[in-house]
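Commentary on secondary and tertiary structure
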Amino acid sequence: MSLDLINEARRQIEICNACRYCEGYCSVFPAINRQRAFADGDVTQLANLCHNCRGCYYACQFTEPHEFALNLPKALAEVRAESWERFARPAPFAALFQRAGVAIGAVLVAGIAVLFLALQALRPENGEGFYAYLSHAAMVSIFAPAFIAPLAIVALGLRDYWREVGGTAIRLPHLRAALGDVARLKNLSGGQGQGCNFEKGDRFSNARRHAHQATLWGFLLCFASTSSGTILHYGFGMEAPYGFFSLPKLLGVPGGILLTLGCIGLAVLKTKADRDLGAPKLWGGEMAFVMLLGLTGFTGLLLYAATGTGAVPALLAIHLGTVLALFLLIPYSKMVHGFYRLAALIRDAQIRGAA
Ligand code: HEM
Ligand code: SF4
Ligand code: SF4
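Residues numbered from 1 in each chain as written. Chains lettered and ligands numbered in written order. Predicted model: local features only at pLDDT ≥ 70, side-chain atom pairs only at ≥ 80, totals over all residues. Heavy atoms only, no water.

1. Digging into the overall build of the protein chain
Note the following rule: Strands here are runs of E lasting at least two residues and helices are runs of H or I lasting at least four, both read from the DSSP assignment and numbered beginning at the N terminus. Exposure is judged per residue with a 1.4 Å probe applied to protein chains only, and the accessible area is read against the type maximum: over 50% gives exposed, under 20% gives buried, and values in between give partly exposed. For this analysis, residues touch if any pair of their heavy atoms sits within 4.5 Å. Surface accessibility follows the Shrake-Rupley procedure with a 1.4 Å probe radius. Residue values consider only the protein chains on display as shielding. Residues counted as positive are Lys and Arg, residues counted as negative are Asp and Glu, and His and the chain ends are not counted. Charge coordinates come from a single atom per side chain, which is NZ of Lys, CZ of Arg, CG of Asp or CD of Glu.
Of the regular secondary structure elements, the protein chain holds 13 helices and zero strands. The secondary structure elements of the protein chain, listed N-terminal to C-terminal, are α-α-α-α-α-α-α-α-α-α-α-α-α. Taking the principal axes of its C-alpha atoms as reference, the protein chain extends roughly 70 × 40 × 40 Å. Going through the 355 residues of the protein chain one by one, you find that 48% of them count as buried. Taking the intrachain contacts of the protein chain between residues at least 6 apart in sequence as the baseline, contacts between residues at least 24 apart amount to 75%. For the protein chain, the exposed area adds up to about 16900 Å²; of that, 66% sits on carbon and sulfur atoms. Taken as two groups, the 31 positive and 23 negative side-chain charges of the protein chain have centres that lie 5 Å from each other.

Below, the structure is given as structure tokens:
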């Protein structure tokens, strides 16, 4: 644990607790105001609860050149990122991705794509659609462990997080409250629904919230599409390729479009925002994650559009390369934010319920 980062965040939190001007902005300030002293675990919890909307920075009268030098969004972003790195296994992998995310993402996608192209040389003797290039057995034996192992690593990290922040048994009302906050992305709405100050400085905008919702729902639709394909395959013996009016396509095509557009929006907004109100050293790794996620949606759509053409083998290799790289990087990339932020919202609901 980096005590320097925790102590700096604690110093700022204590000033906010005396000031209380930003009370209505997000869940962080009511959480601060409920306490007098802040243990290291409390700071970790507050950092993961913060949505980096930046409203408190632009409202604050104690930012530089004031001697208090308040920059709460940055202090919390740095503690948050350090906590994700600390909870990852092996932790140095996460640090590496933060520093060289674009290069690692690109090498991984290219490497895996080449591997899939090579695998296609061992074409199955029979098989339709994509299975004409890569057998179903080969796909499952590669993707099942590549999906389960990263999730197991995240689960271990979440267990450490839960211990550090003093979490207790999760009850349905806590989960419901937290999921409600995620669905509305309440903490990016600036308290009154006017939006956040991410890319427009002291003016408000809902652009990031909307782009995030497109990304989140797009991702969930793509996930549901893949799951429905698996159920059709194993449960009903219906094999891919599926027609347009089938569940995998009806969920996957809008999902891919939303995911691609959402990620383009988030990447553009990221280039406009002040890097010094987040964790500047992580900017590259965060951008790599947004690009990898967007590329997953986009290559999926391209592959569908290319059905029946000679471009399928190469596009299939690239699409499977991006999906596999995204999965393998879950514990080390910003993908973990969803898990830890959900955990922080559940813990906040627990504390509010107990208060
Ligand atoms: C529990 C659910 C989730 C919550 C509460 C959540 C919250 C947030 C917040 C507050 C941000 C902006 C602040 C920041 O940059 O850290 C963000 C960024 C982002 N989220 Fe989520 N998220 C969730 C799930 C997801 C999922 C499932 C995806 C897609 C797989 C996703 C994709 C993104 C992307 C691409 C960014 C932009 C990253 C950047 O600009 O650096 N989120 N999320
Ligand atoms: S961010 Fe500044 S204005 Fe807001 S509560 Fe903290 S010290 Fe007060
Ligand atoms: S940046 Fe936004 S979410 Fe984070 S503490 Fe400030 S007002 Fe709350």
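2. Let's talk about the side chain of His 51
Here His 51 lies in the loop between α3 (40–49) and α4 (55–59). When residues no more than four places from it in sequence are discounted, the contact partners of His 51 are Leu 185, Asn 187, Leu 188, Arg 341 and Leu 345.

3. Considering a nonpolar patch on the surface
The condition that has to hold: Candidates for patches are residues over 30% relative accessible area with no salt bridge; among them, like charges are joined within 9 Å and nonpolar side chains (Val, Leu, Ile, Met, Phe, Trp, Tyr) within 5 Å. Should a side-chain nitrogen of Lys or Arg be within 4 Å of a carboxyl oxygen of Asp or Glu, the pair is scored as a salt bridge.
A cluster of nonpolar side chains, namely Phe 244, Phe 245, Leu 250 and Tyr 304, defines an oily patch on the protein surface of about 430 Å² accessible area. Mapped onto the fold, Phe 244 is located in the loop between α9 (207–236) and α10 (247–272).

4. So, the nonpolar core
Here is the rule: The definition of a nonpolar core used throughout is a set of buried Ala, Val, Leu, Ile, Met, Phe, Trp, Tyr and Cys residues joined through side-chain atoms within 4.5 Å. Segmentation into domains, and thus their bounds, comes from an automatic or database assignment.
Counting residues in each nonpolar core, the largest one holds 83 residues, and the members touching the most others are Ile 13, Val 28, Phe 29, Ile 32, Leu 76 and Tyr 161. Ranked by residues supplied to this core, first place goes to helix α12 (residues 312–328) with 10 residues. Two domains each provide a minimum of three residues to this core, namely domain 1 (3–83) and domain 2 (88–354).

5. Looking at the coordination of the iron atom of ligand 1
Selection criterion: Only nitrogen, oxygen and sulfur atoms within 2.8 Å of the metal, or 3.2 Å for Na, K and Ca, are treated as donors, and water is left out, so sites may look incomplete. When four donors show all angles between 85 and 135 degrees the site is tetrahedral, when four or six donors have opposite pairs over 155 degrees and all other angles between 65 and 115 it is square planar or octahedral respectively, and in every other case it is irregular.
Here the iron atom of ligand 1 is held by His 212 (NE2) and His 337 (NE2), and the distances to it run 2.0 Å. In this structure, the iron atom of ligand 1 is surrounded by six donor atoms whose angles at the metal cover 86 to 179°, and the resulting shape is octahedral. With His 212 in helix α9 and His 337 in helix α13 (residues 336–354), this residue pair connects regions lying 125 residues apart in the sequence.

6. Points about the packing of α9 against α10
Rule in force here: Here, axes are lines fitted to C-alpha atoms. For helices the fit covers the stretch in contact, and angles between N-to-C directions go from 0 to 180 degrees. The labels follow the angle: roughly parallel below 35 degrees, roughly antiparallel above 145, roughly perpendicular from 65 to 115, and oblique for the rest. Helix crossings get a hand from a simple test, with the near helix turned counterclockwise from the far one by less than a right angle marking a left-handed crossing and a clockwise turn marking a right-handed one. Three classes are used: nonpolar for Ala, Val, Leu, Ile, Met, Phe, Trp, Tyr, Cys and Pro, charged for Asp, Glu, Lys and Arg, and polar for all others, with Gly counted as polar.
For the pair α9 and α10, interaxial distance at closest approach is 7 Å and the crossing angle is 150°. Judged by the angle between their axes, α9 and α10 are roughly antiparallel. Considering only the axes of α9 and α10, their crossing is left-handed. Its residues assigned to classes, the contact of α9 with α10 shows 17 nonpolar, 11 polar and one charged.

7. A word on unusual backbone geometry
Glu 64 connects to Pro 65 through a cis peptide bond whose omega is 10°. In this fold, Pro 65 is placed in the loop between α4 and α5 (72–87). Cis geometry marks the peptide bond from Arg 89 to Pro 90, where omega comes out at -15°. Topologically, Pro 90 is positioned in the loop between α5 and α6 (91–120).

8. Considerations on the packing of aromatic side chains
The test is simple: Working definition: a ring pair exists when centres of Phe, Tyr or Trp rings (six-membered ring for Trp) sit within 6.5 Å. Plane angles under 30 degrees give stacked, over 60 give edge-to-face, the rest tilted. For a lysine, the NZ atom is tested; for an arginine, the CZ atom; a charge sits over a ring if that atom is within 6 Å of the ring centre and within 35 degrees of the ring normal.
For the coordinates displayed, the defined rule picks out 12 aromatic pairs. Between Trp 84 and Tyr 340, the aromatic rings sit 6.5 Å apart at their centres with planes inclined by 20°, giving stacked as the arrangement. Placement of Trp 84 in helix α5 and of Tyr 340 in helix α13 is noted, with a sequence separation of 256 residues between them. In this structure Trp 84 comes out as buried when scored by relative accessible area, which is 8%. The exposure class assigned to Tyr 340 is buried, which follows from its relative accessible area of 2%. Both rings, one in Phe 116 and one in Phe 143, keep their centres 6.1 Å apart while their planes meet at 15°; by these two values the pair is stacked. Separated by 27 residues along the polypeptide, Phe 116 in helix α6 and Phe 143 in helix α7 (residues 136–164) bring together distant segments of the chain. Take Phe 116 and Phe 143: they sit in the same class, and that class is buried. By the ring-pair criterion, three or more aromatic residues cluster together here, those being Phe 116, Phe 143, Phe 147, Phe 223 and Phe 327. One cation-aromatic arrangement involves Arg 86 over Phe 87; the distance from NZ or CZ to the ring centre is 4.9 Å.

9. So, the environment of Gly 190
Residue position: Gly 190 is located in the loop between α8 (172–184) and α9. The sequence separation of Gly 190 and Leu 151 amounts to 39 residues, and the corresponding C-alpha distance is 32 Å. Among all residues touching Gly 190, those that are not within four sequence positions of it are Tyr 25 and Gly 195.

10. With respect to the environment of Gly 229
In this fold, Gly 229 is placed in helix α9. Overall, the relative accessible area of 12% leaves Gly 229 in the buried class. Remark: the alpha-carbon pair of Gly 229 and Leu 295, spanning 66 residues in sequence, is separated by 21 Å. When residues no more than four places from it in sequence are discounted, the contact partners of Gly 229 are Tyr 242 and Pro 248.

11. Topic: the pattern of salt bridges
What the rule picks out here adds up to 13 salt bridges. As a salt-bridge pair, Arg 11 and Glu 8 come within 3.0 Å of each other at their nearest N and O atoms. Within this pair, Arg 11 and its partner Glu 8 are both found in helix α1 (residues 3–19), separated by three residues, close to a single helical turn. Looking at Arg 11, the relative accessible area reads 30%, which means it is partly exposed. Ionic contacts of the salt-bridge type, sharing partners, join the residues Arg 34, Asp 181, Arg 184, Asp 348 and Arg 352 into one network.

Interpretation in functional terms is not warranted from these geometric data alone.
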